[in-house]
Amino acid sequence: VSRVANLALVSCACGAVAAAYGRTKERLPCVRSVCDAAEKGVRTLTAAAASGAQPLLTRLEPQISTANKFACKGLDKLEEKLPILQQPPERVTSPGGTGGAPAPSQAREKPSLCC
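Residues numbered from 1 in each chain as written. Predicted model: local features only at pLDDT ≥ 70, side-chain atom pairs only at ≥ 80, totals over all residues. Heavy atoms only, no water.

Asks: Sorry, what's going on with the overall build of the chain here?
Replies: When its secondary structure is counted, the chain shows five helices and zero strands. Put simply, the chain has 115 residues, and 10% of those count as buried. Residue pairs in contact within the chain that sit at least 24 positions apart in sequence constitute 51% of those at least 6 positions apart. (Helix = DSSP H or I, 4+ residues; strand = E, 2+ residues; numbered from the N terminus. Buried < 20%, exposed > 50% of the residue type's maximum accessible area, 1.4 Å probe, protein only. Contact = heavy atoms within 4.5 Å.)

Asks: Before we go on, may I ask you to explain the UniProt feature "signal peptide" (unreviewed entry) in the chain in this structure?
Replies: Residues annotated in UniProt with the feature "signal peptide" (unreviewed entry) correspond here to residues 1-19. Secondary structure within residues 1-19 divides into 84% helix and 0% strand; the distance between the first and last C-alpha atoms comes to 21 Å. (UniProt positions renumbered as here; feature names shortened; annotations may be inferred.)

Asks: Looking at this structure, I do not really get helix 3 (residues 29-59). What am I missing?
Replies: With 31 residues, helix 3 should reach 45 Å at 1.5 Å per residue; the first-to-last C-alpha distance of 45 Å fits that figure. Its maximal kink placed at A53, helix 3 deviates by approximately 45°, while the proline P55 follows within four residues. (Expected span 1.5 Å × (residues − 1). Bend = angle between axes of the 7 residues up to and from the residue.)

Asks: Would you mind showing me how to read a nonpolar patch on the surface here?
Replies: Residues L56, L57, L60 and I64 make up a contiguous nonpolar surface patch of roughly 330 Å² in combined accessible area. Within the secondary structure, I64 is located in helix 4 (residues 61-81). (Patch = residues over 30% accessible without salt bridge, like charges linked within 9 Å, V, L, I, M, F, W, Y side chains within 5 Å. Areas by Shrake-Rupley, 256 points an atom, 1.4 Å probe, with all protein chains shown as cover. Salt bridge = Lys/Arg side-chain N within 4 Å of Asp/Glu carboxyl O.)

Asks: So what exactly am I meant to see when it comes to a positive patch on the surface here?
Replies: On the surface, a cluster of positive charge is contributed by K69, K73, K77 and K81. If you trace the backbone, K81 turns up in helix 4. (Lys, Arg positive; Asp, Glu negative; His and termini not counted. Charge placed at Lys NZ, Arg CZ, Asp CG, Glu CD.)

Asks: How should the packing of helix 3 against helix 4 be read in this particular structure?
Replies: Two numbers describe a pair of packed helices, the interaxial angle and the distance between the axes. Contact geometry for helix 3 and helix 4: axes closest at 4 Å, N-to-C directions at 70°. With respect to helix 4, the axis of helix 3 lies roughly perpendicular. When helix 3 is examined against helix 4, the residues L57, T58 and R59 are found in contact with a partner set consisting of E61, P62, Q63 and I64. Among the residues making up the contact of helix 3 with helix 4, the classes are represented as three nonpolar, two polar and two charged. (Axes fitted to C-alpha atoms, helices over the stretch in contact; angles between N-to-C directions. Parallel < 35°, antiparallel > 145°, perpendicular 65-115°, else oblique. Nonpolar A, V, L, I, M, F, W, Y, C, P; charged D, E, K, R; others polar.)

Have a look at this one:
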């Protein structure tokens, strides 16, 4: 999971979503109250689930480790075949980049997702 999260495009997308979520909470007090309550509930449920699942996770550790190794090998192959996954988002979306994105005249202008 951490390798996928560290891919430039995935990291950028997650950052953009988090920023939009934060801005929405700042601008709309009603939404902020609901989101704060939901976040507290998720934290509580996560803590309860983590402590309850620990014995099962300990028992399944060898299988989880094997699955992780296969997933990492698959990601290695995917990164070899699609080097664009490692490119910064600006390079992928720019007309001169390697991403094959349409030129601005062919595409609708969109706000930049990443800095």
